[in-house]
Every structure is written in C-alpha cells, then in structure tokens.
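Here is how the chains run, residue by residue.
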Amino acid sequence: MEMQTAPARVLIVDDAPSNLAILTETLRAHYDIRIASGGYEALRLVDESPPDLILLDIVMPDLDGYEVCRRLKERAATRNIPIIFLTSKGEVADETLGLALGAVDYIIKPISVPIVQARVRTHVELKRRGDLLETLSMRDGLTGIPNRRFFDDCLDRAWRQGLRTAKPLSLLMADIDYFKDYNDTYGHMAGDECLKLVACALTGVLNRPCDLAARFGGEEFTVVLEDTDIAGALHVAETMRAAVQDMGLPHTGSHIAPIVTISLGAACTVPTNASTPEELLCLADRKLYEAKQAGRNRAFG
Ligand code: GH3
Ligand code: MG
Ligand code: MG
Ligand code: MG
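Conventions adopted
- One numbering rule holds for all chains: residues counted from 1, following each sequence as written.
- Chain labels run from A onward and ligand labels from 1 onward, assigned in the order the entries are written.
- Given that the model is predicted, a residue must reach a pLDDT of at least 70 before its local features are reported, and side-chain atom pairs must reach 80 or more before they are shown or counted; all residues, however, enter totals for whole chains, interfaces and linings.
- The burial label depends on the number of other C-beta atoms within 10 Å of a residue's C-beta. Counts of 20 or more mean buried, 12 or fewer mean exposed, and intermediate counts mean partly exposed, with C-beta atoms placed from the backbone.
- To qualify as a helix, a DSSP run of H or I must reach at least 4 residues; to qualify as a strand, a run of E must reach at least 2; elements of each kind are numbered from the N terminus.
- The reported arc concerns the directions from the helix axis to the C-beta atoms and nothing else.
- Throughout, a residue-residue contact means that the two C-beta atoms, derived from backbone geometry, are no farther apart than 7 Å.
- For each residue, a C-beta atom is positioned from the backbone; the residue is called near a molecule or strand if that atom sits within 6 Å of it.
- Polar here means any residue other than Ala, Val, Leu, Ile, Met, Phe, Trp, Tyr, Cys and Pro, which are nonpolar, and Asp, Glu, Lys and Arg, which are charged; Gly is therefore polar.
- Pairs of strands are assigned from DSSP output, requiring at least two bridges between the strands.
- Axis definition: a line fitted to C-alpha atoms, over the contacting stretch in the case of helices. Angles run 0 to 180 degrees between N-to-C directions.
- Working definition: the nonpolar core is a set of buried Ala, Val, Leu, Ile, Met, Phe, Trp, Tyr and Cys residues, joined through C-beta atoms within 7 Å.

Participant: What's the story with helix α3 (residues 65-74) in this structure? I'm lost.
Facilitator: Turn by turn, an α-helix covers 3.6 residues, leaving residues three or four places apart pointing in a common direction. Those residues of α3 that sit buried are G65, Y66, V68, C69 and L72. Axial view of α3: buried residues confined to an arc of 160 degrees, hence all on one face. In this structure, the buried side of α3 is in contact with β1 (9-13), α2 (39-48), β3 (53-56), α4 (76-79), β4 (83-87) and α5 (92-100).

Participant: Please explain the site of ligand 1 as it appears in this structure.
Facilitator: Around ligand 1, the surrounding shell holds 16 residues, and the nearest of these are D177, F179, K180, G191 and G218. Of all the secondary-structure elements, those providing two or more residues to the shell around ligand 1 are β6 (169-176), α8 (179-186) and α9 (188-205). Here the shell around ligand 1 is built from residues that sort into 4 nonpolar, 4 polar and 8 charged.

Participant: I tried to follow the sheet that holds strand β5 (residues 105-108) on my own but got confused; where do I start?
Facilitator: Note on sheets: strands pair through backbone hydrogen bonds, and any given pair is parallel or antiparallel. Spatially, β2-β1-β3-β4-β5 is the arrangement adopted by the 5 strands of the open sheet, whose pairing is parallel. With one partner strand each, in any of the chains shown, β2 (32-36) and β5 form the two edges of the open sheet. On average, each strand axis in the sheet is tilted by 20 degrees relative to the strand beside it, whichever way the strands run.

Participant: Sorry if this is basic, but what is going on with the nonpolar core here?
Facilitator: Side chains of a nonpolar character, in soluble globular proteins, are inclined to be buried together. Core analysis: the largest hydrophobic core is formed by 46 residues, its most contacted members being L172, V198, V223, A237, L264 and A266. In this structure A266 touches S170, L172, I230, A233, L234, A237, A284, K287, A299, F300 and G301, once residues within four positions along its chain are discounted. One finds A42, L53, Y66 and V120 within the second-largest nonpolar core, a separate group that totals 28 residues.

See below:
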C-alpha cells in the first residue's frame, strides 16, 4: 500500500562532485535531494532537517563515512535514519564494518543506476512504514508525546550508555497536583485537554536532542536526562514546574493555588551493573512523594 505523502528526503554525501551529480540525477525524479560534500556538512544538514535516508560515501577528507554513521547512531534523534554506504571500499571487512555500525545496506562503486534506485526505494518504503508504526506504538494517543513503552526503551538505552561512559543519568517524575479535583470541577474532557497542554509545556522545556519527556501513565510524566547531574536535573525540573505554572490554567479545585501546577521528583545516578534503572525510577518516585508531602508545586531531588 503506497501512501500519498511528500517525496522522501534523501541526503547524498560524497566528496567527489561527479558522484554527487550522478546520484542526484539517478534519484531526483522521485526524491527531495540534499547533498553534502563532507562529513561535517552532512551532520549539520541532518540536524537542520532530518532526511528519510542517507547515501553515505566512506572515504572523505574531513570526517569519514564510518564516523558520520557512528555519530548519527549514537543519538536518539538521528538513530533511525537509514544509512546506505555507497563506496569504492569493496573488501569484506569494509562492508562488515559498515553494516556493524548500523547501515541498512552497502553498495560498492561503480554503481548500477537501477540497483541504487531499487535499494533506495526499498529502504525509503521501510523507513516510512517504520515511522508510521513508531507513531502508532511509541506515542501516547492523547498527548502525542512518547508513551510508557518508548520511555522504557529510552531509559534502558540511556542506562547502557551511562554504563559505557560512566556519566550521570538523571530521571524526573512529574505529577499534576490535585488532578482528580480538576476532573471533578471541569469534567474529564477538559482534564484531557489539560493533560495535552501540560505535556506540551514539559516537552517545550527540553532542548538537548537526547532529552526525553514521556507520559508515564494517567497524569504522570517522566523525563530522561542523559549526562546530567542532580543539579542539572533539578534545574530542568524547576523550569518545568515554572512552565506549567506560567501557563496559568485555571484550577479552582486545587488546594494550593487557583491554577494547574505540578510536583516533581528528581533522581540521579551513575549507572553500574550493581544497580538498575528501576531503582532510579523508584527514587524519583519517592522524591515526587516528598514534594507532594512538602506542599506540592515544587521539585525535590
Ligand atoms: P495529587 O496532587 O496528590 O497528585 O492529587 P491527584 O488528584 O492528582 O491524585 P492522583 O494522582 O491519585 O489522581 C490522578 C487522577 O488523574 C485520577 C484520574 O481521575 C486522573 N486521570 C488519570 N488519567 C487521566 C486521563 O487520561 N484523563 C483525565 N481527564 N484524567 C485522568
Ligand atoms: Mg570519497
Ligand atoms: Mg498521580
Ligand atoms: Mg496527581
């Protein structure tokens, strides 16, 4: 089943202008083509506007294709962009390394035009299906932000990353204050609208690509902050608390202020094999409970 959507964006990366010209000619009838003549330029273009597929040369003077691939696979925001290496490096070891780094395909130059077209078509189609499935299965249907399942995956990944880097990993747990009273006062539909606005406010605070805010369940939200110590986590938590308060959404049923507020718990650890992500989650939840006990509309860590 083909979907009627805008043409897929394909980024072609090669240091040789003649290769860029041939590949552009090969694909431009069906795709929105961007080109980069080096690794750093490629990374910059991906950040500016993430493509649906990257055709990546390996031998380039500034940053080679393997390294570009490695960097893109390291980050959640760019991890799922399919990469096809397109290179004159034809040894088994070269190809094995390329595939091990997470490329979906490996094409050896000189290229055959119909084969490049066919493989690009296949991987663009797979990417589209993957995007659709991700939207359906990883996002919360009400608020549109990542759901519990996505959060669990993300926390596991961040944990493993922390094990490798020995950098601190922080977690926030946020909960809307007196939300039962909100529903009682304004109705369940208004409650749903409130949840959407709070989700939007929390997400709006984050500015690093690897930070993630998710709906944990009900009116509870979690935030994963990689490479962030407890001071940084509390800073984000306080900014989130202020962002929700500053929306000034009326909540006459609240027992602390006539507006919607949230409480947050923050926890931080350097992941080790002797501890688990669940323990970090429990700690954040305990801190949230303390924030509630201490009067709500505050962040504890
Ligand atoms: P506290 O300040 O202690 O957090 O008080 P609270 O009333 O928020 O307490 P609690 O966390 O127990 O209540 C959560 C309420 O959130 C219960 C339920 O009515 C409401 N809720 C959970 N999920 C949804 C939802 O998807 N939509 C709406 N409208 N309400 C929800
Ligand atoms: Mg080259
Ligand atoms: Mg709750
Ligand atoms: Mg609550």
